[in-house]
Amino acid sequence: MSLKDRVYFCPSCKDPLTIVYDDRELKERAEVGFHGKGVWRYASFLPFKGDEEKISLNEGDTPLHVSVNIFRELKLSFLAFKNEGLNPTASFKDRGMTVATTRAKQIGSKVVACASTGNTAASCAAYASRANMLCAVVVPEGQIAFGKLAQSIAHGAKIIKVKGNFDDALETLLKLCEENEKIYLMNSVNPFRLEGQKTVGFEIWEQMGRKMPDWISIPVGNAGNITALWKGIKELKGTKLADKVPRLLGVQAEGASPIADAFHKGLDVIRPIESPTTIATAIRIGKPASWRRALKAVRESRGYMVKVSDEEIVEAQKVLARKEGIFVEPASASSLAGLKKALDLGVIEKGSSVVAILTGHGLKDPEAAQRLSYEEVSVKPDPPELAKVLRI
Ligand SMILES: Cc1ncc(COP(=O)(O)O)c(C=O)c1O
């Protein structure tokens, strides 16, 4: 691994680097077309020649569930949920991790590391196992959901708990990576992560019959995913494969909303939040690394940012599970909570077509499910008593 393989930020503007293809290259890539399944179906739009060893767990190809109940209540012409919780480690992170781990292998890296609110760690640990690499995950102590921690434990990652929040964990790891040439960083500041994550936009477009919806709603934490989504959409539009671009609805939790705040104040910089709070631990981030690219994406798409409360997130989680049969973790539910808010505000018009991205599975954070209202009774092992409580 050489020094140039470990540069993640632009030395002048300090933003994370992006892999850019020029127009001629994109046109050639579009001519190759899409073949196969999952993330690697879009290999012609990924930064590889094709002869590398792919580190894959069959990620991508997640279902687009067309809403059968909620869309009517929301008065939308079409609503679908892109269920990213059905990726191999149960979150969207796998899309980026297959590409970044393939890159790690290509450059001969033996050690990968990430700071994480849990899902990046779980994914990084799984792909590192597959690639025979050592994995270190740096997590905020006491702040990650147990389901996610269990995944890192199972995959044999070295787990390092930082006494602080996610932003402290990332800052600490970034400083170490500046000095230690052995570590390949797997956070979304690694441009290869975003290359994989952009494929969610390609899939939505193909699953909708090579059409884009009017809006795509997406939760925003460190802001890598919304950046990746917009990059993919622009590439599709740039090659004239897609005839229109959707507007992006970025959703943040009220206690962790630096990008939404900057958007509403019309600012070009964010004011970081020192102690972010929300039950949606995956988006409990006060200093998002990709804030500038996220603001640009939302503005370029003529989109909007909303903030949602914890109560609204819990309600959306319940509605998704009980009216559509989809169990997601709280951060994922924020994309439905945000959609509802944008409709109430009149930002999204009734009759629009919308895709809400559900980023992670509900079993990641089983404790959060206990916040949902439910009925529970205990009975003796006695059929008549059981019939009595069932009222049948
Ligand atoms: C389930 C889930 N949703 C949303 C996000 C936010 O994605 P990003 O940090 O790329 O904005 C994360 C990030 O960890 C996540 O795990």
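Everything below is about the structure printed above this text.
Residues numbered from 1 in each chain as written. Predicted model: local features only at pLDDT ≥ 70, side-chain atom pairs only at ≥ 80, totals over all residues. Heavy atoms only, no water.

A.B. asks: Help me understand the environment of Gln370, please; the structure alone is not making it clear to me.
C.D. replies: By the element assignment, Gln370 lies in the loop between helix H14 (366–369) and helix H15 (383–390). Linking Gln370 and Ala342, residues 28 residues apart in sequence, is a C-alpha distance of 27 Å. (Helix = DSSP H or I, 4+ residues; strand = E, 2+ residues; numbered from the N terminus.)

A.B. asks: Hey, could you run me through the sheet that holds strand E3 (residues 111–115) in this one?
C.D. replies: Hydrogen bonds between backbone atoms are what pair the strands of a sheet, whose relative direction is either parallel or antiparallel. Pairing is parallel across the open sheet formed by four strands, whose spatial order is E5-E4-E3-E6. What marks the edges here is a single partner per strand, and that holds for strand E5 (158–162) and strand E6 (183–185). Averaged over all pairs of adjacent strands, the angle between their axes in this sheet comes to 25 degrees, without regard to strand direction. Here five bridges tie strand E4 (residues 134–140) to E5, and the two strands are oriented parallel to one another. The residue bridging Val139 from the neighbouring strand is Lys161, located in E5. In the packing of helix H6 (residues 166–179) onto the sheet, contacts are made with E3, E4, E5 and E6, and the angle to E3 comes to roughly 150 degrees. (Pairing = 2+ DSSP bridges. Axes fitted to C-alpha atoms, helices over the stretch in contact; angles between N-to-C directions. Contact = heavy atoms within 4.5 Å.)

A.B. asks: Whenever I open this one, the sheet that holds strand E2 (residues 78–83) confuses me. Can you help?
C.D. replies: Ordered by their spatial adjacency, six strands build an open sheet running E1-E2-E10-E7-E8-E9, and the pairing between neighbours is mixed. Both edges of this open sheet fall to strand E1 (64–66) and strand E9 (304–308), since each of them pairs with a single strand only. Neighbour to neighbour, the strand axes of the sheet diverge by 25 degrees on average, direction disregarded. In this sheet, strand E8 (residues 247–253) lies alongside strand E7 (residues 215–219) in parallel orientation, the contact comprising five bridges. Bridged to Ile216 within E8 is Leu248. The strands touched by helix H8 (residues 199–207) are E1, E2, E7 and strand E10 (353–358); relative to E2, the strand with the most contacts, the crossing angle is about 135 degrees.

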